[in-house]
Amino acid sequence: MKQLLVLLLLSVSMCGFAGENERNATVSVQALPGSVAAGFHIAFKGRKLCEQEMNTPGFADLTGYILEQNYRKMQQEFDKLGCELQFYDYPFLPFDDYYTRDEMSFIRGKVPNGKVAEALSLVSQLIQSAETVNGKELAQAVRSCTRGNRMRRSLNAVAGQHLRQLLFENEYPAYPTYFKGKIPDLMRVKKFMRRYYSPGNMTITVVGDVNAASLKKEIEGRFTASKAGAPCGAKFRVKMTIPEKRTASYETSRKSQGQLVLVRPLKENLNESELAAALLFAREFSDLISFQLREREGLAYSIGAGIRSIGGRYFLAVSMGTSPKFVKSSADRISKMLETLLKEPGVSETELERIRNSLLISRRMKRLTNVNKAFFYGVNLLWHRPLNFEEQVDKSIEKVDIGTLANAKALFSGPEIRMLINATEGQLEKDNGEKREHRKHL
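Bear in mind that the values here come from a model prediction, so they are computed numbers and not experimental data.

(A) View of the overall build of the protein. Along the protein, the regular secondary structure elements total 17 helices and 11 strands. Within the protein, the fraction of its 442 residues that count as buried is 55%. Counting only carbon and sulfur atoms, one obtains 52% of the accessible surface of the protein, whose full area is about 21,000 Å².

(B) Examining the sheet that holds strand S7 (residues 246–250) more closely. Overall, mixed pairing links the 5 strands, which are arranged S7-S11-S8-S10-S9 in an open sheet. The open sheet terminates on both sides in strands that have one partner only, identified here as S7 and strand S9 (300–310). Averaged over all adjacent pairs, the angle separating strand axes in this sheet is 15°, with direction ignored. Bridging between strand S8 (residues 258–265) and strand S10 (residues 313–322) involves 8 bridges; their strand directions are antiparallel. Opposite leucine 262, over in S10, you have valine 318 as the bridge partner. Sheet strands touched by helix H8 (residues 155–168): S7, S8, S9, S10 and strand S11 (417–421). Its angle to S11, the strand with the most contacts, is close to 140°.

(C) Summary view of a nonpolar patch on the surface. A cluster of nonpolar side chains, namely Ile361, Met365 and Leu368, defines an oily patch on the protein surface of about 330 Å² accessible area. Mapped onto the elements, leucine 368 comes out in the loop between helix H13 (349–366) and helix H14 (370–382).

(D) Focus on the nonpolar core. Counting 53 residues, the largest nonpolar core has Phe40, Phe78, Leu85, Leu120, Ile204, Val206 and Ile219 as the members making the most contacts within it. The dominant element in this core, judged by the number of residues it contributes, is helix H6 (residues 116–130), at 8 residues. One finds Leu275, Leu279, Phe281 and Leu405 within the second-largest nonpolar core, a separate group that totals 46 residues.

(E) Geometry of the packing of helix H11 (residues 272–296) against helix H15 (residues 389–399). The interhelical angle for the contact between H11 and H15, taken along N-to-C directions, is 70°, at an axis separation of 8 Å. The angle between H11 and H15 places the two elements in the roughly perpendicular class. The segment H11 lies against H15, with Glu272, Ser273, Leu275, Ala276, Leu279 and Leu280 engaging Phe389, Gln392, Val393, Ser396 and Ile397. For the contact of H11 with H15, the class distribution of residues is 7 nonpolar, 3 polar and 1 charged.

(F) Expanded view of the packing of aromatic side chains. Counted under the stated rule, the structure contains 11 aromatic pairs. When the centroid spacing of 5.9 Å and the interplanar angle of 45° are considered together, the rings of phenylalanine 44 and tyrosine 196 count as tilted. Within this pair, whereas phenylalanine 44 is found in strand S3 (residues 38–45), its partner tyrosine 196 is found in helix H9 (residues 186–196), the two being separated by 152 residues in sequence. Classification of phenylalanine 44 as buried rests on a relative accessible area of 0%. Taking relative accessible area as the criterion, tyrosine 196 reaches 0% and is therefore assigned buried. With centroids separated by 5.2 Å and ring planes inclined at 75°, the aromatic side chains of phenylalanine 106 and phenylalanine 375 adopt a geometry described as edge-to-face. Of the two residues, phenylalanine 106 sits in strand S5 (residues 104–111) while phenylalanine 375 sits in helix H14, which places them 269 residues apart along the sequence. Three or more aromatic residues joined by ring pairs form one cluster here, namely Phe44, Phe59, Phe179, Phe192, Tyr196 and Tyr197. The ring of phenylalanine 326 has lysine 325 lying over it, and the distance from NZ or CZ to the ring centre is 5.5 Å.

(G) Quick peek at the environment of threonine 322. Relative to the assigned elements, threonine 322 resides in strand S10. Each C-alpha atom of the pair threonine 322 and serine 302 lies 7.4 Å from the other, and the pair is 20 residues apart in sequence. In contact with threonine 322, not counting residues within four places along its chain, are Gln257, Gly258, Leu299, Tyr301, Val327 and Ser330. Of the polar contacts made by the side chain of threonine 322, one reaches the backbone oxygen of leucine 299; its length is 2.6 Å.

(H) Fine view of the pattern of salt bridges. Taken as a whole, this structure holds 24 salt bridges when the rule is applied. Here arginine 72 and glutamate 68 are joined by a salt bridge, their closest N and O atoms 2.8 Å apart. Of this pair, arginine 72 and glutamate 68 both sit in helix H3 (residues 59–73), 4 residues apart, which is roughly one turn of that helix. For arginine 72, a relative accessible area of 42% gives the class partly exposed. When its relative accessible area of 16% is taken as the criterion, glutamate 68 is described as buried. A salt bridge links lysine 216 to glutamate 220; the shortest N-O distance between them is 2.6 Å. Of this pair, lysine 216 and glutamate 220 both sit in helix H10 (residues 212–222), separated by 4 residues, roughly a single helical turn.

The rules we used
Residues numbered from 1 in each chain as written. Predicted model: local features only at pLDDT ≥ 70, side-chain atom pairs only at ≥ 80, totals over all residues. Heavy atoms only, no water. Helix = DSSP H or I, 4+ residues; strand = E, 2+ residues; numbered from the N terminus. Buried < 20%, exposed > 50% of the residue type's maximum accessible area, 1.4 Å probe, protein only. Areas by Shrake-Rupley, 256 points an atom, 1.4 Å probe, with all protein chains shown as cover. Pairing = 2+ DSSP bridges. Axes fitted to C-alpha atoms, helices over the stretch in contact; angles between N-to-C directions. Contact = heavy atoms within 4.5 Å. Patch = residues over 30% accessible without salt bridge, like charges linked within 9 Å, V, L, I, M, F, W, Y side chains within 5 Å. Salt bridge = Lys/Arg side-chain N within 4 Å of Asp/Glu carboxyl O. Core = buried A, V, L, I, M, F, W, Y, C linked by side-chain atoms within 4.5 Å. Parallel < 35°, antiparallel > 145°, perpendicular 65-115°, else oblique. Nonpolar A, V, L, I, M, F, W, Y, C, P; charged D, E, K, R; others polar. Phe/Tyr/Trp six-rings, centres within 6.5 Å; stacked < 30°, edge-to-face > 60°. Lys NZ or Arg CZ within 6 Å of the ring centre and 35° of its normal. Polar contact = N/O pair within 3.5 Å; in protein donor to acceptor, adjacent residues only side chain to side chain.

Below you can see the structure in the form of structure tokens.
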């Protein structure tokens, strides 16, 4: 019994409440006295799984535009409350993480503390009205969606799509996240929205200077289905195959751009201390390749490394945008730099402090506002982690010493997987009859 109570305490923070059943949305309200404004996050669970089950590829993306259209119609009502919404598929959101979008889509917003219940009531009306979409409105959503996808289909996302197909094979839906195609049947769209946007498929998190207990009851009263219904993919467990070392090359029509994504799986079931050390190592490696390949040699227009959760498994993921002629050779260089770093002795105390401070500042800045806090709480609920998981990891990062960081290198034991986008160097050599080398070190 004592162990059960401990687990329950880990599921919610000391000043908040959370709950879930088949009719109600899962709701978590965290009281943060002194807050200037409240933030809320509504996640719709099982995005790709729901699309697979209903044979509606890309419908979460498409119907997000239907929600956005209805928001514009109700704009004055939201403005009266001082409420501003952001929809999950807007480009350039700070948390527009490719792998997270497999598992959810979301609406998030900020509002004065005393207006949270009214704002979420309006959101509920917005969703219900969106489900009455007509043919003309659907056609407009398709046009807007198509235009938006031109901005969002980065080569990095293309590489991530191919990576997912390789990792999951037939065990997980691997078709594109974004909708592309002709106007679908109106009744199929409405059927999808009734299932995907039902209260039982929602996770709602709120952070602000509020009465957590009473507000939670108000939200649950508003977001309750007329009948029980299972969330999308509630019983699904992702199965992943880590292939042997493999390189996959793809070509696109954008010959002025190239992209590479390299991933290395970490061991399964990392504890917080191990995850903290892996995050520090990834930041160390990211700084190394950024300085060498972008600052010194000018090869990268974007580059970085980090720890990503894909299908419940952690990976070291490296991404680099470069000229097509340097895609393969850059991947080779990054692989060698990683192997060299894995063999080198640990860093100095001074360097460890620099890396630690850089990582902690970055992580804490992302959680600075209440709407961002609500986002992370929503992700943690979605992935069945403690609500204060990010804070716990930060504390573990503060405790990592030189020895622990050196031991983190043993966590990267899996094979390397490469996704190379655009023509390989060999193909370009045949076309151009010559080979251009990297710029020499300055």
